[in-house]
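Residues per chain, in single letters:
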Amino acid sequence: MALDEKREKSASFTPMMIEEDAALRNGSRGLSGQWADAVGVRPRTTERHITVHKRLVLGFAISILALLVVTMIAVLLSVRFEECSTAAAADSPARASGNGSLPGAARLNHDAGEPPGRQEEAPGEEEEWQRRRQPPPWTQLRLPRHLRPLHYNLMLSAFMENFTFCGEVNVQIECLNASRYIVLHAHRVHIEAVQVAEDKLSGAVRVSSFFLYPQNQVFVVVLNRSLEAQRSYNLKIIYSALIENELLGFFRSSYVLHGERRFLGVTQFSPTHARKAFPCFDEPIYKATFKISIKHQATYLSLSNMPVETSVFEEDGWVTDHFSQTPLMSTYYLAWAVCNFTYRETTTKNGVVVRLYARPDAIRRGSGDYALNITRRLIEFYEDYFKVPYSLPKLDLLAVPKHPYAAMENWGLSVFVEQRILLDPSISSISYLLDVTMVIVHELCHQWFGDLVTPVWWEDVWLKEGFAHYFEFVGTDYLYPGWNMEKQRFLTDVLHEVMLLDGLASSHPVSQEVQRATDIDRVFDWIAYKKGAALIRMLANFMGHSVFQMGLQDYLTIHKYGNAARNDLWNTLSEALKKVGKFVNIQEVMDQWTLQMGYPVITIMRNETADNIVVISQEHFIYDIDAKTRDPDLGNNSYLWQIPLTIAVGNTSHISSEAIIWVSNKSEHHRIAALDETSWLLGNINQTGYFRVNYDIRNWRLLIDQLMRNHEVISVSNRAGLIDDAFNLARAGYLPQNIPLEIIRYLSEEKDFLPWHAASRALYPLDKLLDRTENYNIFNEYILKQVAAMYLKLGWPTNNLNRSLVQAAYQHEELRREVIMLACSFGNKHCHQQAATLISDWISSNRNRIPLNVRDVVYCTGVSLMDEDVWEFIWMKFHSTTAVSEKKILLEALTCSDDRNLLNRLLNLSLNSEVVLDQDAIDVIIHVARNPHGRDLAWKFFREKWKILNARYGEALFMNSKLISGVTEFLNTEEELNEYDQALQD
């Protein structure tokens, strides 16, 4: 879970701030002449009445006039940024008084103090509310409901030479209930002027005062009179801010081209960071239309959600791009970028223009071509599946070097970190291609689930993230039908992974209450993404895929351009079932799965006294059974689910067709046809349900015997499911520890990738926990014995640089990679020798002939086994390569060293953004922590650098939680727990 500690900038002046201030004072620019004239700009330093006595001689008057002219010219040349902040000087009486003589850079130091007026007006307003014995509206956790935005007209000027921007936002607001307060979000922006007017030219509504309330990140405008209900008004705000050197709001990134560092500015507003770029109603329910204009130097281009409508070029090398108006949308997926990228484009059969923007060298190499081509195909797939057209005229994909997440689904302008969208077929593995594919599939699904139909509030964030995560597998199956992603890979990559988390006593429901801003970050976790996806998959399977698809089509059609809550989805799906003659209350079923934490374990026991009768019981599965006695909420018997249990009966040569039993009580008796002494039972067929299944020991023995005799009688998905359930049931104390180890004895005959993948995912954590115990060698030898036969049978892949990247034998190649990885990880001597030979050949010939699909395994094994020269060689290659896929695995390989000095060196270098990108530094620390030789080093580094790390990643969803869970994954002593608590408190 992400820490909820938020970083505020220090009020003290740092060298960076001084440098930025100086930059602002030297050559800043403001609004264009057209905008500036509209609001009556005049230099502040001449704002005084100069009275000349009638009897003064003419020469003295001329002297004074000349002096004023000189002063005006000096001011305009030295502080041109004043234009932006004084744009409303002539016609807006509500200005940040007392700031007029400060240069622009000083005024942008918005965290050094609050805007003038806050100290005077706010206490008086608060006293009034105290007299009323009511809390002021700006102290509430949500925005007051008396206003709603209808349209934003946002005009920005971006100054990439000193990383500042200024803007004017005009918000058309509708007053629902009379009030003399306007409360909206603003954070880390400097408000310069405010004006409120009625739409119908009735004149201005006088602004009494305005102030920021940082506790809730809101901006308050106090009016002299109340706004009237059922009337519309225009709110105009002039403001300025920094293009931050971080990862949220409107931030900057950079890259090197031909030895020159180039900069770009890009936005990341989800979930609550639009307020850092412009004052707005920053909650998803407040949908409005947006008209954006961006002024920038002509050497850059600008992008936003909509296409450019017109561009106005100025003589001084600046251009203003005016973008078309958006449909109704929420603030969190508004977006813009200012960069000097190039692009390639394609068009869908319905005329949607798709462009991929990236660094010029990446575009020239064709690194974006794969993403561009599958995006076109996926838009057409989603349009056909949902029967709702893509809603905008274009979709831009923007590949940026630095971004807090893999990608962000901004409507019409999706932003990706380079590693998740650029792909060079000549040096990219199947695994890397799969990662890129699934991220793109995910973000495109959001154009419907999230952008077109948006959750009402963040408690149901899984309504968009769960669907996007589920469709990663459905969409990839469309592109690669033979890969069986939804039926197979979903199990190991989603279901098994999230059930590990959801089985902890610290888990939470997929829908959880969200009240304050810090809670919003907390809901973006794997429970929302992966459990949401698993529940949607279960729902699709028990409804039937065609009925489920029809229900989704209705849901999107009914709620497009609006907001929806989970009950809206449940009601629509229930109606879809009614259309085919089925009457299931989807809300009643699914509320138990979404509003309760965790999941059940179903236990199927034969009734020894009655033929064909089984006892089926359910209970809340939890790894720490003792937690039920410590925590009354976990220990009570109120946890119940309505469970769609599919069940089949099998014998040595045959398995029956599945039947479905709805289990809704703690314990139930059911008659199972064709069940005899030699038959075994199998529950949760193909693991479509979100629960574990346990059996009596006799049934487990029959299943193990079946796997050893003829494992193919049981489906691939169920073989993987049996392995995962057995290991986790044993870990939680439901099964003897020998059962899972006996199950994997059959693996030497297993030819399918999925069961091996399930086994390796269960074995690696066990290996890490046992590697410091005296009996570790016994465990290690057992695993090597299970792997040896398949390792010899499959061998190593040949170099496939001249073959197509997407091979027909995907399952076979992934199986070979999995077995090689297990062999090398657990110390197979031949595997070690082969890796060392391949690395040595690369060093001596300077030609990399290592097969693409196992390069990461070879790099890591070579760095671990060989001397410091190999580490230095990999470090050199990391710096010299421009292929993002290769860069990623080279960096991870450096963490595999047994040399503690090299690991320490790498940890310290990871905080240098010029060497390691911000988002990659976390992976470096986590991978060092997973290395037995670096575990304590990473833990020490984490403790000592916590303040720096929290300052860098504290507000970015997932990043802190990923770092903390990765570093603490193998801590298992009371002393380490105390050190962890102390590190976070310091």
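Remember, it's a predicted structure, so these values are computed and weren't measured experimentally.

Asks: What is the right way to read the state of the cysteines from this model?
Replies: Note on terminology: disulfide describes a covalent bond linking the sulfur atoms of two cysteines. Enumeration according to the criterion identifies two disulfides in this entry. Covalently, Cys824 is tied to Cys831 through a disulfide, its sulfur atoms 1.9 Å apart. Handedness of the Cys824-Cys831 disulfide follows from its S-S torsion of about -95°: it is left-handed. A relative accessible area of 6% means that Cys824 is categorised as buried. Residue Cys831 is classed as buried on the basis of its relative accessible area of 0%. Covalently, Cys860 is tied to Cys896 through a disulfide, its sulfur atoms 2.0 Å apart. Disulfide Cys860-Cys896: the torsion about the S-S bond is -105°, which places it as left-handed. Of this pair, Cys860 sits in helix α26 (residues 855-865) while Cys896 sits in the loop between α28 (884-894) and α29 (900-909), placing them 36 residues apart in sequence.

Asks: Even after reading the chapter, I still don't get the sheet that holds strand β11 (residues 260-268), so can you show me in this structure?
Replies: Two orientations exist for strands paired in a sheet by backbone hydrogen bonds: parallel and antiparallel. Overall, antiparallel pairing links the four strands, which are arranged β10-β11-β16-β13 in an open sheet. Since the sheet does not close on itself, it has two edges, and those belong to β10 (249-257) and β13 (301-304), each with one partner. Taken over all neighbouring pairs, the strand axes of this sheet differ in orientation by 15° on average, direction set aside. Alignment of β11 against strand β16 (residues 336-339), held across two bridges, turns out to be antiparallel. For Val266, the partnering residue across the bridge sits in β16 and is Ala337.

Asks: What is the right way to look at the pairing of strand β18 (residues 353-358) in this model?
Replies: Consecutive side chains of a regular strand alternate in pointing toward one face of the sheet and then the other. Where strand β17 (residues 342-347) meets β18, six bridges bridge the pair, whose relative direction is antiparallel. The residue of β18 that forms the bridge with Tyr343 is Tyr357. In textbook terms, the turn of a hairpin is the stretch between consecutive antiparallel strands, and for β17 and β18 this stretch comprises five residues, one of which, Gly351, has a positive phi near 90°. Pairing of β18 with strand β19 (residues 394-400), which is carried by five bridges, proceeds in the parallel orientation. Its bridge partner being in β19, Arg355 is matched across the sheet by Asp396.

Asks: Would you explain empty space enclosed by the protein in this entry?
Replies: If you roll a probe as big as a water molecule over the atoms, it shows you where there is empty space left. Taken as a whole, this structure holds nine cavities of 30 Å³ or more when the rule is applied. Of the pockets and cavities examined, the second largest cavity occupies roughly 70 Å³. Tallying contributions element by element places helix α20 (residues 716-731) first for the lining of the second largest cavity, with four residues. Here the residues of the lining of the second largest cavity are counted per class, giving five nonpolar, five polar and one charged.

Asks: Teacher, can you tell me more about the packing of aromatic side chains here?
Replies: Within a pair of aromatic rings, the relevant descriptors are the distance that separates the centres and the angle that separates the planes. Summed over all chains, the structure comprises 62 aromatic pairs. Seen in terms of ring centroids, Phe386 and Trp448 are 5.8 Å apart; in terms of plane orientation they differ by 50°. Their pairing is tilted. Of the two residues, Phe386 is situated in helix α8 (residues 369-386) and Trp448 in the loop between α9 (430-446) and β22 (453-455); the sequence distance between them amounts to 62 residues. Grouping residues by exposure puts Phe386 and Trp448 together as buried. An angle of 45° between the planes, with centres 6.3 Å apart, marks the rings of Tyr776 and Phe779 as tilted. Of this pair, Tyr776 and Phe779 both sit in helix α23 (residues 776-794), three residues apart, which is roughly one turn of the helix. One residue, Arg252, lies across the ring of Phe163, its end atom 4.1 Å from the ring centre.

Asks: Before we go on, may I ask you to explain the pairing of strand β21 (residues 413-417) in this structure?
Replies: In terms of burial, β21 is a largely internal element, five of the five residues being buried. Burial of the side chains of β21 extends over both faces: Leu413, Val415 and Val417 are buried on one face and Ser414 and Phe416 on the other. Judged from the five bridges that link them, β19 and β21 form a sheet pairing that is parallel. When the sheet's bridge partners are listed, Val400 is paired in β21 with Val417. Pairing of strand β20 (residues 407-408) with β21 involves two bridges; the strand directions are antiparallel. In the sheet register, Met408 faces β21, and the bridge partner there is Val415.

Asks: Quick question: what am I supposed to make of the UniProt feature "site: Transition state stabilizer" (unreviewed entry) in the protein chain here?
Replies: The UniProt feature table records "site: Transition state stabilizer" (unreviewed entry) at Tyr529. Here Tyr529 is to be found in helix α13 (residues 526-543). Since its relative accessible area comes to 11%, Tyr529 is described here as buried.

Asks: Hey, could you run me through a nonpolar patch on the surface in this one?
Replies: A cluster of nonpolar side chains, namely Leu501, Leu504 and Trp526, defines an oily patch on the protein surface of about 230 Å² accessible area. Relative to the helices and strands, Leu501 is located in helix α11 (residues 485-502).

Asks: Where do I start with the sheet that holds strand β29 (residues 680-683) in this structure?
Replies: The strand order across the open sheet formed by three strands is β27-β26-β29, and the pairing between neighbours is antiparallel. The sheet is open, and its two edges are formed by β27 (659-663) and β29, each paired on a single side. Between one strand axis and the next, the sheet turns through 35° on average, direction left out of account. Where strand β26 (residues 643-650) lies against β29, four bridges are found, and the strand directions are antiparallel.

Rules used throughout
Residues numbered from 1 in each chain as written. Predicted model: local features only at pLDDT ≥ 70, side-chain atom pairs only at ≥ 80, totals over all residues. Heavy atoms only, no water. Disulfide = S-S within 2.5 Å. Buried < 20%, exposed > 50% of the residue type's maximum accessible area, 1.4 Å probe, protein only. Helix = DSSP H or I, 4+ residues; strand = E, 2+ residues; numbered from the N terminus. Pairing = 2+ DSSP bridges. Axes fitted to C-alpha atoms, helices over the stretch in contact; angles between N-to-C directions. 1 Å grid on protein atoms, 1.4 Å probe; cavity = no way out; pocket = protein on both sides within 12 Å on 5 of 7 lines; lining within 4 Å. Points joined across faces, edges and corners; volume = space filled by probe spheres on them. Nonpolar A, V, L, I, M, F, W, Y, C, P; charged D, E, K, R; others polar. Phe/Tyr/Trp six-rings, centres within 6.5 Å; stacked < 30°, edge-to-face > 60°. Lys NZ or Arg CZ within 6 Å of the ring centre and 35° of its normal. UniProt positions renumbered as here; feature names shortened; annotations may be inferred. Patch = residues over 30% accessible without salt bridge, like charges linked within 9 Å, V, L, I, M, F, W, Y side chains within 5 Å. Areas by Shrake-Rupley, 256 points an atom, 1.4 Å probe, with all protein chains shown as cover. Salt bridge = Lys/Arg side-chain N within 4 Å of Asp/Glu carboxyl O.

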